[in-house]
Amino acid sequence: MESFTVESKTKNQNIHDELKRLDDSRLRERHTRLSAAYKEFASQNLALDLSRGKPGAEQLDLSSEMMDCLSRNDYKSRDGIDCRNYGGVDGIPEAKELFAGILEARPNEIMIGGNSSLAMMHDLVARGMLRGLPGSELPWQKLPAVKFICPSPGYDRHYSICDYFGIEMITVDYHEDGPDMSHVENLVASDSSIKGIWCVPKYSNPTGITYSDEVVERLAAMPAKASDFRIFWDNAYAVHHLSETPDRLMNILEACRRSGNPDRAFVFSSTSKITFAGGGVAMMASSETNINWLKKQTIIQTIGPDKLNQLRHVRFFKDMAGIEAHMKRHAAIVKPKFDLVLDILDSHLGGKGIASWSRPRGGYFISLNTQPGFARRVVGMAAAAGVTLTEAGATFPHGKDPADRNIRIAATYPPLSELKPAMIVLALCIELTAIEHELSARGYKHPVEA
């Protein structure tokens, strides 16, 4: 059923207007035809997964040589540390210098962690709860309330951290250039219980948005009622470009310094989607004051991260140019998958007014919006046909999309041969949901039987 097509329409025509013009017989005929296509897919026992933004096997293979790049007799870092032994709680110097290009920070402003930047974010929030951050008057757990601003749709695992610690989440809408800054500024200036904001500032998860210079400058400079307010800057996709003219993101650390708030931002990234998702290197950058404070905290927690893995990454990439060349090889694998997703959405749903979607220039996701109230139904229908999508609502705090419309498409993991039928099923589910909605409005209680 890969040849499934529907009648083409002019670009701006709303299918709901067309459906309303169709008499009952023609509307039911269309539903019958699309239902047959859907049922044929469902009969194939598909097991297709578009739910998480994992690198595909081809991408992981790009870093295979890293497993053999350490000499048996040379495990020492540049400053003589034996990377097989304890020590180096903040990372080996050459790793800091290498990853300074991703973080856009000075080596003395960087801390290297284990394999998960999410773990570093979790730990930083935990430190705030237990002890407070620099500038805190009290540990957050002793306050009547702790709140974070959550631009949405956003990254579900950020919200899970807040849920775990009982932090209240305030949803803020996205504009085309980043969060609604007027809303953010008003909140932060008026409420001392707001301690942070989650940001995925480049090729944002899931919208693909890159924050504008104006948004970055306003985040850095805005007055905050809480002296310990922090920006959690999760720049996970800093080097994940899909275009020869990649987006440019203003340096948040420099913007904060210029604005007189040098300690405001914590920047996170990792090589999880650059080398090995389960064996990358996580990293954090902030002001030297914040990093020195964090080192004193971390030395109680660990005697040092995996320095051999840091050394492997340094020997494999050598410099930032090596990372950039490596990421072009990633793009050669990932971009055809994004192109396929967009081609299917365009050809099957384009111009019908029943869905809209992002066209990211980098990152790992495509954000799709159905008509309000349809997303959960669409995700459920796709699952029944063997296509697993990210749960509807996951891109909002507490898993509740107030409009029930956003669906995150993760296109990187499946091969093209699996991605194509999965996307056709998704397109079918969206159009069938729109038709069933119209049939229900005409009094048909069981549209499948209409």
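Described in the following lines is the structure provided in the data block. Note that this is a predicted model, so its numbers are computed, not measured.

**Here's the deal with the overall build of the protein chain**
Counting its secondary structure elements, the protein chain contains 14 helices and 13 strands. Taken over the C-alpha trace, the protein chain has a radius of gyration of 24 Å; the compact-globule value for 450 residues is 22 Å, and the two agree within 12%. Overall size of the protein chain, expressed as C-alpha extent along the three principal axes, is 80 × 55 × 35 Å. In the protein chain, which comprises 450 residues, the proportion classed as buried is 56%. Of all intrachain contacts in the protein chain linking residues separated by at least 6 positions in sequence, the fraction that spans at least 24 positions is 75%. For the protein chain, the accessible surface area stands at approximately 19,200 Å², while carbon and sulfur atoms represent 48% of it. The averaged location of the 56 negative side-chain charges in the protein chain is 2 Å from the averaged location of its 53 positive side-chain charges.

**Notes on the pattern of salt bridges**
Taken as a whole, this structure holds 23 salt bridges when the rule is applied. The shortest N-O distance in the salt bridge between Lys-96 and Asp-90 comes to 2.6 Å. By the burial criterion, Lys-96 is buried, and Asp-90 matches it. The shortest N-O distance in the salt bridge between Asp-247 and Arg-361 comes to 2.6 Å. Pair noted here: Asp-247 is in the loop between strand 7 (230-234) and helix 9 (252-258) and Arg-361 is in the loop between strand 10 (355-357) and strand 11 (365-370), with a separation of 114 residues, a long-range link. For Asp-247, a relative accessible area of 18% gives the class buried. Shared partners join several salt bridges into a network, and the residues in it are Asp-24, Glu-438 and Arg-442.

**A look at the pairing of strand 11**
Counting buried positions along strand 11 gives six out of six residues, so the element sits mostly inside the fold. Every second residue of strand 11 is oriented toward a common face, with Phe-365, Ser-367 and Asn-369 on one face and Ile-366, Leu-368 and Thr-370 on the other, all of them buried. Sheet analysis places strand 10 next to strand 11, joined by three bridges and oriented antiparallel. Looking at the pairing, Trp-357 lines up with Leu-368 of strand 11. Where strand 11 and strand 13 (residues 406-410) come together, five bridges link them in antiparallel fashion. Counterpart to Phe-365 in the pairing with strand 13 is Ala-410.

**Examining the packing of aromatic side chains**
On inspection of all chains with the given rule, the structure shows 13 aromatic pairs. A ring pair is formed by Trp-140 and Phe-148, whose centres lie 6.0 Å apart and whose planes are at 70°; its orientation type is edge-to-face. Using a relative accessible area of 1% as the deciding quantity, one classes Trp-140 as buried. Its relative accessible area of 0% is what places Phe-148 among the buried residues. Aromatic side chains Phe-148 and Phe-232 sit 5.3 Å apart centroid to centroid with 55° between the ring planes, which places their arrangement in the tilted category. With Phe-148 in strand 3 (residues 147-152) and Phe-232 in strand 7, the pair connects residues that are 84 residues apart, well separated along the chain. We note that Phe-148, like Phe-232, is buried. One aromatic cluster is present, built from ring pairs that chain together Trp-140, Phe-148, Trp-198, Phe-232, Phe-266 and Phe-268. Positioned above the aromatic ring of Tyr-413, the side-chain terminus of Lys-54 is 4.3 Å from the ring centre. Over the aromatic face of Tyr-364 sits the side chain of Lys-273, whose NZ or CZ is 5.3 Å from the ring centroid.

**Brief notes about the side chain of Asp-404**
For Asp-404, the location among the structural elements is in the loop between strand 12 (387-389) and strand 13. Buried charged residue Asp-404 carries no salt bridge. Nearest counter-charge: Arg-376, at 4.3 Å. Asp-404 has contacts with Thr-370, Gln-371, Pro-372, Gly-373, Phe-374, Ala-375, Arg-376 and Ala-392, leaving out every residue within four places of it along the chain.

**Overview of the environment of Ile-167**
Along the chain, Ile-167 turns up in the loop between helix 6 (156-165) and strand 4 (168-175). Taking C-alpha positions, Ile-167 is 7.5 Å from Ala-145, a pair spaced 22 residues apart along the chain. The contact partners of Ile-167, leaving out residues within four places of it in the chain, are Val-125, Met-129, Val-146, Lys-147, Phe-148 and Cys-162.

**Focus on the packing of helix 5 (residues 117-130) against helix 10 (residues 288-301)**
Axis separation between helix 5 and helix 10 bottoms out at 12 Å; the angle between their running directions is 100°. Relative to helix 10, the element helix 5 is oriented roughly perpendicular. Across the interface between the two elements, Asp-123, Leu-124 and Arg-127 from helix 5 touch Trp-293, Leu-294, Gln-297, Thr-298 and Gln-301 from helix 10. Residue composition of the contact of helix 5 with helix 10, by class: three nonpolar, three polar and two charged.

**Some points on unusual backbone geometry**
With an omega dihedral of 5°, the bond running from Ser-152 to Pro-153 counts as a cis peptide bond. Considering the arrangement of structural elements, one finds Pro-153 in the loop between strand 3 and helix 6. Of note, the phi angle at Asn-45 is positive, near 55°, even though the residue is not glycine. Turning to its location among the elements, Asn-45 is positioned in the loop between helix 2 (24-42) and strand 1 (48-50). Its identity is not glycine, yet Asp-404 carries a phi of approximately 45°, on the positive side.

**Some thoughts on the pairing of strand 3**
Taken across its six residues, strand 3 has six buried, putting it largely inside the fold. Alternating residues of strand 3 divide into Lys-147, Ile-149 and Pro-151 and Phe-148, Cys-150 and Ser-152, and every residue in both groups is buried. Pairing of strand 3 with strand 4, which is carried by six bridges, proceeds in the parallel orientation. Its bridge partner lying in strand 4, Pro-151 is registered against Val-172. Pairing analysis gives three bridges linking strand 3 to strand 6 (residues 194-199), with the strands arranged parallel.

Rules used in this analysis
- Residues numbered from 1 in each chain as written.
- Predicted model: local features only at pLDDT ≥ 70, side-chain atom pairs only at ≥ 80, totals over all residues.
- Heavy atoms only, no water.
- Helix = DSSP H or I, 4+ residues; strand = E, 2+ residues; numbered from the N terminus.
- Rg over C-alpha atoms; globule rule 2.2 N^0.38 Å.
- Buried < 20%, exposed > 50% of the residue type's maximum accessible area, 1.4 Å probe, protein only.
- Contact = heavy atoms within 4.5 Å.
- Areas by Shrake-Rupley, 256 points an atom, 1.4 Å probe, with all protein chains shown as cover.
- Lys, Arg positive; Asp, Glu negative; His and termini not counted.
- Charge placed at Lys NZ, Arg CZ, Asp CG, Glu CD.
- Salt bridge = Lys/Arg side-chain N within 4 Å of Asp/Glu carboxyl O.
- Pairing = 2+ DSSP bridges.
- Phe/Tyr/Trp six-rings, centres within 6.5 Å; stacked < 30°, edge-to-face > 60°.
- Lys NZ or Arg CZ within 6 Å of the ring centre and 35° of its normal.
- Axes fitted to C-alpha atoms, helices over the stretch in contact; angles between N-to-C directions.
- Parallel < 35°, antiparallel > 145°, perpendicular 65-115°, else oblique.
- Nonpolar A, V, L, I, M, F, W, Y, C, P; charged D, E, K, R; others polar.

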